Each structure stands twice: as structure tokens, then as C-alpha cells.
Amino acid sequence: MNGELAANERLLGELRAQLDGSLLNQVEVAVCPPFPFISQVAAWLGDAGIHWGAQNVARQDNGAVTGEVSARMLAELRFRWVLIGHSERRQLFGESDDAVAEKVGRVLGQSLRPVICLGETLQEREAEVTEAVLGRQLDAVIPVLARDPADYVLAYEPVWAIGTGLTASPAQAQAVHAFLRNRLRAAGVAGADQVRILYGGSVKAGNAVDLFEQDDVDGGLIGGASLVAEDFVAICKAAAVAASARMRPETVQKAEGDSSDG
Ligand code: PEP
């Protein structure tokens, strides 16, 4: 949860001014606001070459599920991306691996693109079960992944790094991303080498270059730092630098976070 109309107005205006065409030719940028702000985001960014995404979607396609927003509704409103399985959804709202897979299927069924979030807690990392946890989370969605790797992204977000100021080291991020890609390959997922795997968790202008230059880190899912236009634009530029070395850039702004995001 983050945002209010007046502050958004400033932030969106700054993003529109600072994310120029040449940068947007090099990196794909999406802004994922809370639902009430979507018309404001669409008005500011609709013709600016910046996409928008949702922070959640209903498991159901239709029906008596008051308060839920379906993938079909998002498609009508020209959303392109949908965050699914964020650790806060998994932890605070009991979103299971099965629910995540079902949502991914719904979103792909509407030609929207899921950002599938995966991550281990600190306890899981310390208990050395990171790969077991991530493998389980990934295996749940593999059966419903799109055939075209351009139609979805994975986002590795270690829970201990989200909104905490702690960041996975570039080597830690690369090791997990390589693990995820190898698992996609082993499962025979089409275009596994092209699937974009984002890193999220306290990405800042100061650490983005080191993270994005890792072989299997294809961009970022940005929380707190996306609330300051200069910082977010600097992160996009870091993604552009990485993209000039290899062609899988992606940056997603998640204008949302926990209280530590401010
Ligand atoms: C997030 O909320 O998913 C996130 C990555 O936040 P931050 O960048 O602030 O850690």
C-alpha cells in the first residue's frame, strides 16, 4: 500500500519527464500502483511508452467474490502486467502455491503478463532450504507457464530483503537466478534461456549495476526506491547499461511496499 493523489501526481510527472524515449527503447518499464490510482497512472503514462500493472488479481474468472478484481477486468483497463505471489500476499493473505498457479493461468488466459514472485524467508535461508522452497514455488507454476517466454517474468524476492535495506549480494542473487533457470531448463520449459528473471529486495541506485550485470539477473522489481523518481530512473539506467551488454532488460516499479518503504 502506497500512494496518495497529490504525491503520485508529482512522481508520475517526474517519471514521464525523466524516462525519455531513448531509455525506454532499451528497457521495458512498468508501474504497478494500488488499484484506486490506476486511472491516474493511465492518464499520465498512457502515451509515454510506460506500461502499468496490478499488484494482485482474483483467483476466480467471475462470480460472487466481492472485493476481488478479475484478470478480465484488468485486460479491459489495458493493464499489461500483474504481480502474482508477492511474499506479502503469500504470508499475510495465505496465498498458496496452488492459488498462485491458478492466478497465473487466469492472467495468461487474458493475454496479460504475470510477474511471478518467488522468495525464501530468512529462517529458510538459514536452514539451507532456499532451493527446496524456491523449487517448490516454481514447480507449482511451470505447468501453466506460457509457451512464449516474453509473456511472463519471474521475480526472485528474498523475503528478508524486501523493504529491509538488506540486499542479496550479487553472487547470492546470481546463484538463485541460475538455479531457477536451470530448473526451467530441466522441466523443458520453452525458451528457458530467454525467460527474464528479475531481482527484488532493497534494490537502490547504488547497488543496481552490480546486481544487473550478473548473467542471470535480467532486471529489477523495485519497491521503496521507486517512490523517488531520480532513484528509480537511475535504476532504469543501470538496467539499460546491463541491456547494452545483453538483451534481456526489464524494470518494474512496484509503487507499493511495507511501512519501511515510507
Ligand atoms: C517489494 O516491496 O517487493 C520490494 C522489492 O520492496 P523494496 O525494493 O523496498 O525492498
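Keep in mind it's a predicted model, so treat the numbers as computed, not measured.

1. Quick word on the pairing of strand 5 (residues 153-156)
Side chains on a regular strand alternate between the two faces of the sheet.
Here is step 1 of the chain: Residues V153 and A155 line one face of strand 5 and the alternating positions L154 and Y156 line the opposite face, and both faces are buried.
Here is step 2 of the chain: Here strand 4 (residues 113-118) runs beside strand 5; their pairing, made up of four bridges, is parallel. Among the inter-strand pairings, I116 is bridged to a residue of strand 5, identified as L154.
Here is step 3 of the chain: In this sheet, strand 6 (residues 196-200) lies alongside strand 5 in parallel orientation, the contact comprising four bridges.

2. Some points on helix 10 (residues 205-212)
Here is step 1 of the chain: Of the residues making up helix 10, those classed as buried are N207, A208, L211 and F212. Along the long axis of helix 10, the arc covered by the buried residues comes to 125 degrees, so they all point the same way.
Here is step 2 of the chain: In this structure, the buried side of helix 10 is in contact with helix 9 (170-186), strand 6, strand 7 (220-222) and helix 11 (229-245).

3. Description of the pattern of salt bridges
Here is step 1 of the chain: Scanning all chains against the criterion turns up 15 salt bridges.
Here is step 2 of the chain: Here R59 ties to E102 by a salt bridge, and the two come within 2.6 Å at their closest N and O atoms. On the criterion of sequence distance, the pair formed by R59 in the loop between strand 2 (51-54) and helix 4 (71-76) and E102 in helix 6 (residues 97-109) is long-range, its members being 43 residues apart.
Here is step 3 of the chain: Using a relative accessible area of 32% as the deciding quantity, one classes R59 as partly exposed.
Here is step 4 of the chain: Judged by its relative accessible area of 32%, E102 is partly exposed.
Here is step 5 of the chain: Between R72 and D61 there is a salt bridge; the shortest N-O distance is 3.6 Å.

4. Thoughts on helix 6
Here is step 1 of the chain: For helix 6, which comprises 13 residues, the first-to-last C-alpha distance of 18 Å matches the rise-based estimate of 18 Å (1.5 Å per residue) to within 8%.
Here is step 2 of the chain: By the burial criterion, the buried members of helix 6 are D97, A99, V100, A101, K103, V104, V107 and L108.
Here is step 3 of the chain: Packed against the buried residues of helix 6 are helix 4, strand 3 (81-84), helix 5 (87-92), strand 4 and helix 8 (130-141).
Here is step 4 of the chain: Just past helix 6, the residue S111 takes up positive phi, approximately 60 degrees.

The rules we used
- Residues numbered from 1 in each chain as written.
- Predicted model: local features only at pLDDT ≥ 70, side-chain atom pairs only at ≥ 80, totals over all residues.
- Heavy atoms only, no water.
- Buried < 20%, exposed > 50% of the residue type's maximum accessible area, 1.4 Å probe, protein only.
- Helix = DSSP H or I, 4+ residues; strand = E, 2+ residues; numbered from the N terminus.
- Pairing = 2+ DSSP bridges.
- Arc of directions from axis to C-beta.
- Contact = heavy atoms within 4.5 Å.
- Salt bridge = Lys/Arg side-chain N within 4 Å of Asp/Glu carboxyl O.
- Expected span 1.5 Å × (residues − 1).

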